[in-house]
Amino acid sequence: MAYETLLLQRRKVLHGLVGEAIEEIYQERIEEQVDLLYHHFSLAENWPKALRYGRQATEKAIRLSQFHEAITMLEKVQACLLQLPEDQSRQEVLIDVLLEQERLYETLGQRERQQAIIHQILSLLQPTGDPARLAEVYVRQGDLYTLLRHFTAAAEVLDKSVRISRNISDPIGERNALRSLGLLHWHEGKNEEALERIEEALKIDRQQEDTEGIVGELTNLGTVLRNLEQYERAQ
């Protein structure tokens, strides 16, 4: 009842003070308070801090496998973004947030929403001319098309991603696209072509000394070689 009697401006001031107090008191355990900090700073209309703590709350929810809660928080984060000046920085953060949403929808198997997010990102990216991000989103689109068994469309966007990555000398982007092409060809039953793409990806991993990538590529190679009945090499 007391809260309802406060003028809106006074409420914003008090929420901001509470948020700052929590930051001060819990600075050694700030992760425990990120949801509460988002709440207070959003009501204080301190949009940069609300954005920061909202994204941290999203990361926390994902680590706890609370995927629906993470999606809800990302929607709130987008609302905070709309309150900030419309510039290149805001657009880059918005794309990052949308990519996080797309991953979550992929995890939850919500393919229609996943596709809608990809279309939204592409509409934002194509006017800006950010080739690295565009190549990344084409990989996401290609992976989704592969899961939906739209193989021709998947090959088209993944080939675009490879070309863009090579044009801008981005070996990691190229590796990711080649890896997805290997997955596509494996789903198509084109094991020889899958083998070629995975070996190309493995070559890049070795050049980059990416141990985790090497392990992933070797695992994929083993699967394809088994399908080719090259059991000794697969082992």
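As a reminder, the structure under discussion sits directly above these lines.
The structure presented is a predicted model; accordingly, all values stated were derived computationally and were not measured.

### Here's the deal with the layout of surface pockets
Taken as a whole, the largest pocket encloses approximately 320 Å³ of empty space. Along the walls of the largest pocket sit 19 residues, with E136, V139, R140, D143 and N176 positioned nearest its centre. Space inside the second largest pocket adds up to approximately 200 Å³. D143, R179, S180, G182, L183, W186, I198, N220, T223 and V224 together form the lining of the second largest pocket.

### A word on the pattern of salt bridges
This model, assessed by the stated rule, comprises 19 salt bridges. In this structure, the salt-bridge partner of R29 is E32, at a minimum N-O distance of 2.8 Å. A relative accessible area of 45% places R29 in the partly exposed class. The class of E32 is partly exposed, set by a relative accessible area of 47%. Here D96 makes a salt bridge to R133, at a shortest N to O gap of 2.7 Å. Here D96, found in helix 5 (residues 88–107), pairs with R133, found in helix 7 (residues 131–147); they are 37 residues apart in sequence, far enough to count as distant. Look at the salt bridges and you will find they share partners, linking D96, E102, R133, E136 and R140 into a network.

### Digging into the environment of E92
Take E92: it is sitting in helix 5. The partly exposed category is assigned to E92, whose relative accessible area is 37%. Expressed as a C-alpha distance, the spacing of E92 and A194, which sit 102 residues apart in the sequence, is 34 Å.

### Notes on the packing of aromatic side chains
Enumeration according to the criterion identifies 1 aromatic pair in this entry. On the numbers, 5.9 Å between centres and 10° between planes, the contact of F41 with Y53 is stacked. With a gap of 12 residues between them, F41 in helix 2 (residues 34–43) and Y53 in helix 3 (residues 47–63) connect regions that are remote in the sequence. Taking the relative accessible area as the measure of exposure, Y53 reaches 4% and is therefore buried. A cation over a ring is seen here: R52 above Y53, with NZ or CZ 5.0 Å from the ring centre.

Here is what the cut-offs are and how they apply
- Residues numbered from 1 in each chain as written.
- Predicted model: local features only at pLDDT ≥ 70, side-chain atom pairs only at ≥ 80, totals over all residues.
- Heavy atoms only, no water.
- 1 Å grid on protein atoms, 1.4 Å probe; cavity = no way out; pocket = protein on both sides within 12 Å on 5 of 7 lines; lining within 4 Å.
- Points joined across faces, edges and corners; volume = space filled by probe spheres on them.
- Salt bridge = Lys/Arg side-chain N within 4 Å of Asp/Glu carboxyl O.
- Buried < 20%, exposed > 50% of the residue type's maximum accessible area, 1.4 Å probe, protein only.
- Helix = DSSP H or I, 4+ residues; strand = E, 2+ residues; numbered from the N terminus.
- Phe/Tyr/Trp six-rings, centres within 6.5 Å; stacked < 30°, edge-to-face > 60°.
- Lys NZ or Arg CZ within 6 Å of the ring centre and 35° of its normal.

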